[in-house]
Amino acid sequence: VGPDGQPSARVVLLKEWDARGFVFYTNLRSQKGREALRHGCVSMSFFWRDLGRQVRIEGPVLQVPDARADAYFATRARGSQIGAWASFQSQPLDDRDALMRRTRDIEEKYEGEDVPRPRHWSGVLIMPTRFEFWQAGEFRLHDRFAFTPSLRGDTDWSIARLNP
C-alpha cells in the first residue's frame, strides 16, 4: 500500500520458504521494498489456470537478516549482482545509456573480485496470517476455504468455508 492508501501490486519471484513464511528479494529502495516495509503487511497470490486453483496469502513482513541476504546474493549470477548496484530501481531514468554506463562502472569497480551485496538490497519475509484456497467450480460455484490462526495457539488454524 502506498503512502496515499492506494493498493499496489507487482509480480515477485518467490525464492525461499520455510516454517516462518515466504521470502522474495528486492531493492529496498524500490517502490515494492519501500511500501512493503513501511506498511508492514502484504498479500501474494499463486494462480494455476490449467488446474483451476489459486492460493492467496496475507501477513506481516520483516527484512531477512543480513547473513541470509548475503548468502542468497552470493548465489546470483554476476550480471544480476552488478545490476543490483547499477539500477536505481523504480526511480526515473533519463535514458538507457545512463544505466549501461553505471553497469560498466560497477563491472570495472569489482573486476576480478566478488561483488558484495548492496545494503539497500535484501530479502523480505512474508509471515502468513491468512491463507485462502480457491478451486474453480462449474458455473462459478467455486470452493473457497480461509485458514486463519486460532486463538488456541500458534500451530492451530481455524478453517472457514467461504461463498464463491
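Residues numbered from 1 in each chain as written. Predicted model: local features only at pLDDT ≥ 70, side-chain atom pairs only at ≥ 80, totals over all residues. Heavy atoms only, no water.

1. Regarding the overall build of the chain
What counts is decided by this rule: Each helix corresponds to a stretch of at least 4 residues labelled H or I by DSSP, and each strand to a stretch of at least 2 residues labelled E; elements are numbered beginning at the N terminus. We compute the radius of gyration over the C-alpha atoms and compare it with the globule rule, which gives 2.2 Å times the number of residues raised to the power 0.38. Only protein chains enter the calculation, and the probe is 1.4 Å; a residue is then buried if its accessible area is under 20% of its type maximum, exposed if over 50%, and partly exposed in between. Whether two residues touch is decided by their heavy atoms; if any such pair falls within 4.5 Å, the residues are in contact.
When helices and strands are counted, the chain shows four helices and eight strands. For the chain, the α and β elements follow one another from N to C terminus as β-β-α-β-β-α-α-α-β-β-β-β. The C-alpha atoms of the chain give a radius of gyration of 19 Å, which is well past the 15 Å a tight globule of 164 residues would have. For the chain, buried positions account for 33% of its 164 residues. Taking all contacts inside the chain whose residues are at least 6 apart in sequence as the whole, residues at least 24 apart take part in 58%.

2. What to know about the environment of tyrosine 25
Convention followed: Definition of a polar contact: a pair of N or O atoms within 3.5 Å, with one able to donate and the other able to accept a hydrogen when the atoms are protein atoms, and with sequence-neighbouring residues admitted only if both atoms are side-chain atoms.
Turning to its location among the elements, tyrosine 25 is positioned in strand S2 (residues 22–27). A relative accessible area of 11% places tyrosine 25 in the buried class. For the pair tyrosine 25 and glutamine 63, spaced 38 residues apart in sequence, the C-alpha to C-alpha distance is 9.4 Å. Residues within four places of tyrosine 25 in sequence aside, it is in contact with Lys15, Glu16, Val64, Arg68, Ala69, Tyr72, Trp121, Ser122 and Gly123. Within the local environment of tyrosine 25, its side chain forms a polar contact with the side chain of glutamate 16, the two groups lying 2.6 Å apart.

3. Some remarks on the pairing of strand S6 (residues 130–135)
Our working definition: Each pair of strands is called paired provided DSSP finds at least two bridges between the two strands.
As defined by bridge partners, strand S4 (residues 53–63) adjoins S6 across six bridges and the pair is classed as antiparallel. Following the sheet pairing, arginine 56 is matched in S6 by glutamate 132.

4. Comments concerning the pairing of S4
Strand residues, when the strand is regular, have side chains that alternate between the two faces of the sheet. One ladder, built from eight bridges, connects strand S3 (residues 41–48) with S4; its direction is antiparallel. Note that in S4 the partner of serine 43 across the bridge is glutamate 58. Between the antiparallel neighbours S3 and S4 lie four residues, among them glycine 52 with a positive phi of about 65°. Note that S4 and strand S5 (residues 121–126) share three bridges and pair antiparallel. Residue pairing in the sheet places valine 61 in a bridge with isoleucine 126 of S5.

5. A short note on the packing of helix H3 (residues 78–86) against helix H4 (residues 96–109)
Quick note on the threshold: Angles here are taken between N-to-C directions and fall from 0 to 180 degrees, while the axes themselves are lines fitted to C-alpha atoms, restricted in helices to the stretch in contact. An angle below 35 degrees is treated as roughly parallel, one above 145 as roughly antiparallel, one from 65 to 115 as roughly perpendicular, and anything else as oblique. By definition, turning the near helix anticlockwise from the far helix through less than a right angle yields a left-handed crossing, and turning it clockwise yields a right-handed one. Charged residues are taken to be Asp, Glu, Lys and Arg, nonpolar residues to be Ala, Val, Leu, Ile, Met, Phe, Trp, Tyr, Cys and Pro, and polar residues to be all remaining types, Gly included.
Here H3 crosses H4 at 120°, and the two axes come no closer than 9 Å. As judged from the angle between their axes, H3 and H4 are oblique. Remark: the crossing between H3 and H4 carries right-handed chirality. Mapping the contact onto sequence places Ile82, Trp85 and Ala86 in H3 and Leu99, Arg102, Thr103, Ile106 and Glu107 in H4. For the contact of H3 with H4, the per-class residue count stands at five nonpolar, one polar and two charged.

6. A few points about a negative patch on the surface
Worth spelling out the cut-off: Patches in this entry comprise residues that are over 30% relatively accessible and not in a salt bridge; like charges within 9 Å are linked, as are nonpolar side chains (Val, Leu, Ile, Met, Phe, Trp, Tyr) within 5 Å. Working definition of accessibility: Shrake-Rupley area with a 1.4 Å probe, residue cover restricted to the visible protein chains. The salt bridge criterion pairs a side-chain nitrogen of Lys or Arg with a carboxyl oxygen of Asp or Glu, the two atoms within 4 Å. Positive charges come from Lys and Arg alone, negative charges from Asp and Glu alone, with His and the N- and C-terminal ends not counted. Positions of charges follow a simple convention, taking NZ of Lys, CZ of Arg, CG of Asp or CD of Glu.
Judged by side-chain charge, Asp105, Glu107, Glu108 and Glu111 come together as a negatively charged surface patch. Among the secondary structure elements, aspartate 105 is positioned in helix H4.

7. Some thoughts on the packing of aromatic side chains
What counts, and what does not: Classification of ring pairs rests on two measures: the distance between centres of Phe, Tyr or Trp rings, Trp counted by its six-membered ring, which must be within 6.5 Å, and the angle between planes, read as stacked under 30 degrees, edge-to-face over 60 and tilted in between.
Scanning all chains against the criterion turns up eleven aromatic pairs. Measuring from centroid to centroid gives 6.5 Å for phenylalanine 22 and phenylalanine 131, while their planes differ by 70°, and the two rings are edge-to-face. Of the two residues, phenylalanine 22 sits in strand S2 while phenylalanine 131 sits in strand S6, which places them 109 residues apart along the sequence. With a relative accessible area of 16%, phenylalanine 22 lands in the buried category. Assessed through its relative accessible area of 17%, phenylalanine 131 is described here as buried. Ring geometry for phenylalanine 131 versus phenylalanine 133: centroids 6.2 Å apart, planes at 10°, classification stacked. Classification of phenylalanine 133 as partly exposed rests on a relative accessible area of 35%.

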